[in-house]
Amino acid sequence: MQRNRRGKVSGKVSCRNIKHDCREPPCDSPILLPGHCCKSCPQERTGSSEKKPDSTFDGFEYFPLEKEDDLQKSLNDRSYINSDDISMDDSRTDFVALLTSTPGRLSASTGVAKARLTLVRSNLLFAIQCERFSHPIRISFQDRDGIVLFEHPVHKTSLLQSNLICGMWRNVHKPYIKLLKSDQLHVALMTHPQSDADIRGRVVKHRALFAETFSSVLTSTNLDRTALGGIAMLTLSDVENNLHFIIIFKGLLKSEKGDRRIPVRVQLLHRNQPLREIKANISPHDSNFAEVITDLSNKEMFLLSHGQLEISLATEGRNPTCISGIITAKKTCDTIQSVLSSGNSLTPTKTGAVGSAKFTLHDNGTLEFQVQVAGTASEVTGLTIETKPRRRNRRNILHDITSDFKNNFAIGVSNNLNARDIHMLLQNELFINVATKEYEEGELRGQISSLLYSGLQARYNELPIPLAGQFVIPPVKTGSAGHTWVSLDDHCHLHYEIVVAGLSKAEDITINAHLHGFAEIGEMDESNGEHKQLLKGFYGSEAQGILKDISTDLLRHLNRGTAFIQVSTKLNPKGEIRGQVLIHNQCESKGFITPKEPEYEDDIFQEIKPDMEELKQDQDSCFFEGQWRAHGSQWAPNYDQKCSVCSCQKRTVICDPIICLPLNCTDLVPVEDKCCPVCQEKNEEKDEKKIRTEQVEGCYFDGDKKWHPAGTTWHPFVPPFGYVKCAVCSCKGATGEVHCEKVQCPVLPCSQPVRKNASNCCKECPVTEVTPFDHTDMMQADGPRPCKFGRHMYMNNNKWHPEVPPFGEMKCITCWCDEGSTKCQREKCPVLTCENIVKQQHKCCPECEDSLTESSYYDEDGEKLKDQQKGKSGWDSQPLSD
């Protein structure tokens, strides 16, 4: 709508979707050309080969914000990032998936879910909103054939709300990214450990995600219908109160022969009473429907902002099918926040002050805010939420929250947001402004924006720590500011996330951060022995990462509150902004918590740390959570040290939740640091030990919670290390004791031993490769066939010693190729009758210490053998395997 200077309407623009008014093409097989709205016959093609944008969502408007001609350039809009800038960011791509049950399943679910995914560099962030689907235990990413590529367990920290699951697939391999971008990746939810996908959907890239500010998950009004559902993505026009929407659906239309149109009806409802209605005819092959509802009334805008509008899509006819859902502000796992700096105020200054704000938008339209201000030049006189100013010195204030500001904090709830305010909030078009006595128009200002999900739980439980130039020693008059979230996990690893604002481009290029701990409380200069550790990972104005190697002193200062986060720039290399960090912890030396019940020597079960360069060069190794992992290794992931186990299988990381066995009792008691509960009435482990000991000789090992027969040996499974290949445990049947010791690596005769697999405990001498032979020659010849053993091929009558990880080459076993069949046998050791028996290294059989030749040897049956020289032994005539 265009108005003149006197306020009279001089023109009005109306939009209508003409897709459903297309004429029927005269040919039998019409096609839809790229960029066209209606189908046409093949001979009607134009010669243009120019690629046009997808028209699936032409109903959405992408108007840039109005730029008034008289907007004075003296006003600072350097920090403003509109949605156009975000859309051009090549490092971020948004995807969506509609999850429903698979048709034809016996126990199909009526649940429906919307998965919103964001690919940032090589990390895939996801937020899944579920309806009629409770207690999912894991999320599975699969290819189109159902092969699992990655799984993520659902635990309490994944649920920000009762029906919203948050998570991240880190370091997605390039082949999987190609599947994602080619619409061949699927996401599924499971409710049982061994079940197939309860609901599943294909992940696709969609234009509507860019403009979406409201959303809805549509479920069937018939509770017995399965494999039926939809999602609606909605947005408002930037100028008028027009509601644009697109509905993606499954199972609503029955496939029919031909292209007969099916009448459908879309309604906006309030308490089951229709307010608006749109009728159209769609093809049975369509999977989405887009339209525009024009000129929403003030009442309808109010209901939209308060989550009281319902949208429905229904077919018309004898057997109508309907899906519907409540419209709310779009649900994501992102954090709505703002950093207020003097450099971003309408008239840029450099005061060294800081403001930090965090917001939570609820389904009923209420906005919860938490704002803190520090270091201002004078008393705060105003705290307001505003839009971008349209004219010089004319701020557009939406909400004044000054009355909630006390003692440098403003904590409260705003109930006055309308649908337009929510739309602008989620489009990063709102600002928060702090006015002071000295700066009446504003000393601090920041854009309210969404910070992408990172998995850091401190975001949702704590206020960020403000970073200001006034906190640097000595204070720095700077126009920049920032805030940070910092936390310690159960392993005393420091997780941090930093956001800065107000930096100029020259300063932003050389940005870095340090974590400081001081030798004495209150001494804040370089001469008093600061403990400095660089925090890496700055991308533009954001930094996040994990710091693992933390000194004992630094942990102590974190506990006392005498540690600081500091951000430095090229202009201020000794610190531009800083903030005090307090994290209460009980971490012991080297940043680890000592196990409460050590039942074995720690150094026995410490898995050997493979060389990082070897791991990087190994084609089967995996990179997960910032660390390289060897093929075949197992570990507990950082995101869930208690109830998950991950393994590396040929460049693919598979994480599974620990499955708790059902217990034969009614009262279950949780155990600290354990994933599974135990019975309250008895200690099952002690009872099992007692029963087992009475029945048969053997040992019960607490590490893997298993019973081992007497005389057996095994590699122990010790959480959280997994299977430890550098230790071997044995069971002494007479006493029931488990004895574990390190694997003794043999002294190798070669000068340059190698570790063939990064997970192997001992190095080995390189094996001379057998010269490969031409298979075609063997096909043409009538001679004996070769043998394949492991990764090697051997010719007939070739002999070799097999290799068994982690022990390497088994010199006491010899294999040979016999007409295409591999046979192996172990060297048989004779029974010695001497008193002093010794076992020499590198020899398979023990020998008598006396080297006299008259020593007699006996076989296992007591038969005397011929006198032999020391060191020789017989061979068993029966092969071990064939």
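Relevant structure appears above.
Residues numbered from 1 in each chain as written. Predicted model: local features only at pLDDT ≥ 70, side-chain atom pairs only at ≥ 80, totals over all residues. Heavy atoms only, no water.

S.K.: Quick one: what's the story with the pattern of salt bridges, residue by residue and with numbers?
M.R.: Taken as a whole and assessed by the stated rule, the structure comprises 16 salt bridges. A salt bridge links R395 to E441; the nearest nitrogen and oxygen atoms lie 3.5 Å apart. Of the two residues, R395 is situated in strand β26 (residues 394–400) and E441 in the loop between β29 (430–436) and β30 (444–451); the sequence distance between them amounts to 46 residues. You can call R395 partly exposed: its relative accessible area is 23%. By sharing partners, the salt bridges in this structure join R265, E277, K279 and E316 into a single network. (Salt bridge = Lys/Arg side-chain N within 4 Å of Asp/Glu carboxyl O. Helix = DSSP H or I, 4+ residues; strand = E, 2+ residues; numbered from the N terminus. Buried < 20%, exposed > 50% of the residue type's maximum accessible area, 1.4 Å probe, protein only.)

S.K.: Could you give an account of the sheet that holds strand β23 (residues 354–361), with specific residues and numbers?
M.R.: Pairing within the open sheet is antiparallel, and its nine strands lie in the order β26-β25-β29-β30-β22-β23-β24-β28-β27. Here the strands that pair on one side only, and so sit at the sheet edges, are β26 and β27 (405–406). Here eight bridges tie β23 to strand β24 (residues 367–374), and the two strands are oriented antiparallel to one another. Each residue of the ladder has a partner; that of F359, found in β24, is F369. (Pairing = 2+ DSSP bridges.)

S.K.: Pulling in residues and values, what's your account of the packing of aromatic side chains?
M.R.: Applying the stated rule across the entire model yields nine aromatic pairs. A centroid spacing of 4.8 Å and a plane angle of 5 degrees characterise the contact between F150 and W169, whose relative ring orientation is stacked. One end of the pair, F150, is in strand β7 (residues 148–153); the other, W169, is in strand β9 (residues 164–169), and 19 residues separate them in sequence. Take F150 and W169: they sit in the same class, and that class is buried. (Phe/Tyr/Trp six-rings, centres within 6.5 Å; stacked < 30°, edge-to-face > 60°.)

S.K.: Describe helix α2 (residues 174–181), naming the residues involved and giving the relevant values.
M.R.: Three or more residues of α2 are buried, namely Y176, I177 and L180. An end-on view of α2 places all buried positions within 105 degrees of arc, on one side of the element. Those residues of α2 that are exposed and angled more than 90 degrees off the buried face are K174 and K178. In the core, the buried residues of α2 are packed alongside β3 (92–99), β4 (112–120), β5 (123–131), β7, β9 and β44 (652–657). Backbone geometry just after α2 places D183 at a positive phi near 60 degrees. (Arc of directions from axis to C-beta. Contact = heavy atoms within 4.5 Å.)

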